[in-house]
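Chain by chain, the residues run as shown.
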Amino acid sequence: MIHRTGKRTKHETQAYDGQTERKSDNMDEDTDTLVENGDQSAKMDVKASIAKGAAEINIAQLMENRAKYIPLRLHMDERKYLRLLEAALNVTEYTDHIDNESHTSKAKRVVSQIKELCAVLTGLVLACDYKRGQELFEERSFDENEEFFQTIFEIGRRYKIMNPEKMRSAYGKLMYMLSDSMIPNVQEMLGFSCVAPIKTVYSFLKERGGLGVLHEDIVLLATQEIIPQGKTRLQIQSSIRRKEKAIEQLSRKYRSKFLSADEIRHCLYSIGDNNAYLRENSRDPCERMIRYLEEFFHPQNIDDKYPLSISAGAQGHRLSHDHETQYIYVNQTLKLWREILNDMFMLWTLADQDMLSASNPYRLQQTGQGLHRVQPCPAVSREMHRTLFKAQKKAGTWIGSSVIHLGDKNVPNALMFIDKYNQVSRILNPICLALNKLDELVDNDGLKKYIHKKFGSANECKKAILADFFRGAFDGSGADNFYDAGSCIDGRLTSAWNWCSQIEQKPYFPVFLLTGFVGFDGGGWS
């Protein structure tokens, strides 16, 4: 995290005095732990920044900026309400009623459906906790319970951000309902607002005067993710003890009558959840695939058996690239995805703002993929263009289109944008998993004979899979025209999904199944 900030051109030299060396030696153990999964240059940057009092890299500002977009973990009581919300959303047919023409006005239909959902929630609360339900709703109207409904809807939004694989259909209903509730006419008829800001680590600590927790250098150690791969049990236990010690140190130092030690731990664990999410869903999948690209292929040295060149019209390709151009195109796309996913929590917060803005109405439109709510995404669009500019600046020369589809028939609204980029890890992780398990397959004599007869070796099998993926998943296919797919920013992901839909036709598909492949959506393969 620190390694990706700051500029080396601004680094300053410091005279050697022996004292600096002794001071840095005492910090070696902790700083090595902070970046134990990073490279040597990252370690040097962290050590230098801590030794200089974080003069070049402001850890406090860095952590505050991150914490603004990290939702708080749910407490046990909140999880109970989450289950109630999911149950209520699963039985409602909100969008079916609202997005169809009816003899009643849209505002009346929306109010009716929201009140129906609130009534279902009321019944569920009463069923689960009669005393609590009686206190909330006895002789009180919906608008008098505004805070309760805002809380329960906020819990659903917060949980989804932390767990993108959950609430697959229920979340869409929730966001469309809340989006409709912000329409002025609807809000006037409803009598209360359903939307409250999402609780984040930053907002929670700021409200209780505990932002100092984020200003300590040791917060990096307290929130790191401990990865067991390649470590002994002793090393893992030692890392856990150092982390827990850092957490206890921060919770003791900053606890007050407004902020308990348990609440500080809760915030630190929430940041840790975010680190785990980024590793599993953004950094690791993209970086592993980039490593595969660099390991098995080279932009100038072409393997005649596995070239990356593609030609429009051949094998379903929509683009024409020679080997070197395709190599660079794939590399740039993977790095762009990594940048986008690294800022996913921020983009999700901005998407939430775009969808729930009263001044940002939507319109129903046939997009070619059914009836969708087409809504502008100004906040997400601004951040996406900044991210793209940063990626293009790093790349130097950009191959392909720079068009970002948002608020049109390709990506109708911010909800569709979030859903689309959540698929990146679902595409890349199963491929990486299959490639990793290939080496285990050849330990079995029968499977080894099959792979050697079919592909020549396990290494050749990996190259065949990767070459097909780098050609077919980055070829502009997946739509009827270049505007909908091609090499635009959105179309690159469309092409990857198109390749996934054809996986069962590939000659190496049996190998995928042998490695335990269950589909790109996690639902199993029949």
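Residues numbered from 1 in each chain as written. Predicted model: local features only at pLDDT ≥ 70, side-chain atom pairs only at ≥ 80, totals over all residues. Heavy atoms only, no water.

A. Quick peek at the overall build of the chain. Secondary structure summary: the chain contains 23 helices and two strands in total. Each of the 526 residues in the chain was classed as buried or not, and the buried ones make up 50%. Put simply, of all contacts in the chain between residues at least 6 apart along the chain, 72% involve residues at least 24 apart. Surface summary for the chain: the accessible area is close to 25700 Å², and the carbon and sulfur share equals 49%. (Helix = DSSP H or I, 4+ residues; strand = E, 2+ residues; numbered from the N terminus. Buried < 20%, exposed > 50% of the residue type's maximum accessible area, 1.4 Å probe, protein only. Contact = heavy atoms within 4.5 Å. Areas by Shrake-Rupley, 256 points an atom, 1.4 Å probe, with all protein chains shown as cover.)

B. Layout of the packing of aromatic side chains. Applying the stated criterion across every chain, the model contains 17 aromatic pairs. Linked through ring pairs, Phe297, Trp337, Phe469, Phe470, Phe474, Trp499, Tyr508, Phe509, Phe512, Phe517 and Phe520 together constitute an aromatic cluster. Residue placement shows Lys68 over the ring face of Tyr202; its charged tip is 5.2 Å from the ring centre. (Phe/Tyr/Trp six-rings, centres within 6.5 Å; stacked < 30°, edge-to-face > 60°. Lys NZ or Arg CZ within 6 Å of the ring centre and 35° of its normal.)

C. Structural view of the packing of helix α4 (residues 76-91) against helix α8 (residues 146-162). At a closest axis distance of 9 Å, the pairing of α4 and α8 adopts a crossing angle of 90 degrees. Regarding the angle of α4 to α8, the classification is roughly perpendicular. Here α4 contributes Glu78, Arg79, Tyr81, Leu82 and Leu85 to the contact with α8, which in turn contributes Phe148, Ile152, Phe153, Ile155, Gly156, Arg158 and Tyr159. Its residues placed into classes, the contact of α4 with α8 shows eight nonpolar, one polar and three charged. (Axes fitted to C-alpha atoms, helices over the stretch in contact; angles between N-to-C directions. Parallel < 35°, antiparallel > 145°, perpendicular 65-115°, else oblique. Nonpolar A, V, L, I, M, F, W, Y, C, P; charged D, E, K, R; others polar.)

D. Representation of the pattern of salt bridges. The final tally for this structure, using the stated rule, is 20 salt bridges. Here Arg158 ties to Glu154 by a salt bridge, and the two come within 2.7 Å at their closest N and O atoms. Note that Arg158 and Glu154 are positioned in helix α8 at a spacing of four residues, about one turn of the helix. Taking relative accessible area as the criterion, Glu154 reaches 3% and is therefore assigned buried. Here Asp490 ties to Lys420 by a salt bridge, and the two come within 2.7 Å at their closest N and O atoms. One end of the pair, Asp490, is in helix α22 (residues 489-500); the other, Lys420, is in helix α18 (residues 414-421), with 70 residues separating them in the sequence. Assessed through its relative accessible area of 4%, Asp490 is described here as buried. Residue classification places Lys420 among the buried positions, given a relative accessible area of 18%. (Salt bridge = Lys/Arg side-chain N within 4 Å of Asp/Glu carboxyl O.)

E. Up close: α8. Relative to the 24 Å expected for 17 residues at 1.5 Å per residue, α8 spans 25 Å between its end C-alpha atoms, a close match to the ideal helical length. Of all 17 residues that make up α8, 14 are buried, and the element is covered over most of its length. (Expected span 1.5 Å × (residues − 1).)

F. Focus on the environment of Ile465. With respect to the secondary-structure elements, Ile465 resides in helix α21 (residues 458-472). For Ile465 and Ala434, which are 31 residues apart along the polypeptide, the C-alpha to C-alpha distance reads 9.8 Å. Once residues lying within four places of it in the same chain are set aside, the contact partners of Ile465 are Leu435, Leu438, Tyr508 and Phe512.

G. Quick peek at the pairing of strand β2 (residues 371-374). Bridge count between strand β1 (residues 363-366) and β2: four bridges; the pairing is antiparallel. Pairing of Gln365 across the sheet is with His372, part of β2. Here β1 hands over to β2 after four residues, with Gly368 in that stretch at a positive phi of 95 degrees. (Pairing = 2+ DSSP bridges.)

H. Molecular detail of unusual backbone geometry. Of note, the phi angle at Met167 is positive, near 50 degrees, even though the residue is not glycine. By the element assignment, Met167 lies in the loop between α8 and α9 (170-181). Classification of Met167 as buried rests on a relative accessible area of 6%. Of note, the phi angle at Gln315 is positive, near 55 degrees, even though the residue is not glycine.

I. Here's a closer look at the environment of Leu336. Position of Leu336 relative to the elements: it lies in helix α15 (residues 323-342). Distance from Leu336 to Gln392, taken between C-alpha atoms, is 8.6 Å for residues 56 residues apart in sequence. If sequence neighbours within four positions are ignored, Leu336 has contacts with Leu388, Ala391, Trp398 and Ile489.

J. Structural view of the packing of helix α19 (residues 423-441) against α22. Between α19 and α22, whose axes approach to 11 Å, the crossing angle comes to 45 degrees. In terms of orientation, α19 and α22 fall into the oblique class. For the element pair α19 and α22, the recorded crossing hand is left-handed. In this structure, α19 uses Gln423, Val424, Ile427 and Ile431 to contact α22, whose residues at the interface are Leu493, Ala496, Trp497, Trp499 and Cys500. Broken down by class, the residue content of the contact of α19 with α22 amounts to eight nonpolar, one polar and no charged. (Left-handed = near helix turned anticlockwise from the far one by under 90°.)

K. Looking closely at the side chain of Arg492. Summarising the element assignment, Arg492 is placed in helix α22. Although Arg492 lies buried, it forms no salt bridge, and the closest oppositely charged side chain, Asp490, sits 10 Å away as judged by the N-O distance. Aside from chain neighbours lying at most four places away, what touches Arg492 is Tyr329, Thr333, Trp337, Trp398, Ile399, Gly400, Ser401, Ala473, Gly486 and Ser487. (Lys, Arg positive; Asp, Glu negative; His and termini not counted.)

L. Summary view of helix α3 (residues 59-67). Within α3, seven of the nine residues are buried, leaving the element largely enclosed by the surrounding structure. All of the buried residues in α3 are Ile59, Ala60, Leu62, Met63, Glu64, Arg66 and Ala67. N-capping of α3 is provided by Asn58, with a side-chain oxygen placed 3.1 Å from the backbone N of Ala60. (Polar contact = N/O pair within 3.5 Å; in protein donor to acceptor, adjacent residues only side chain to side chain.)

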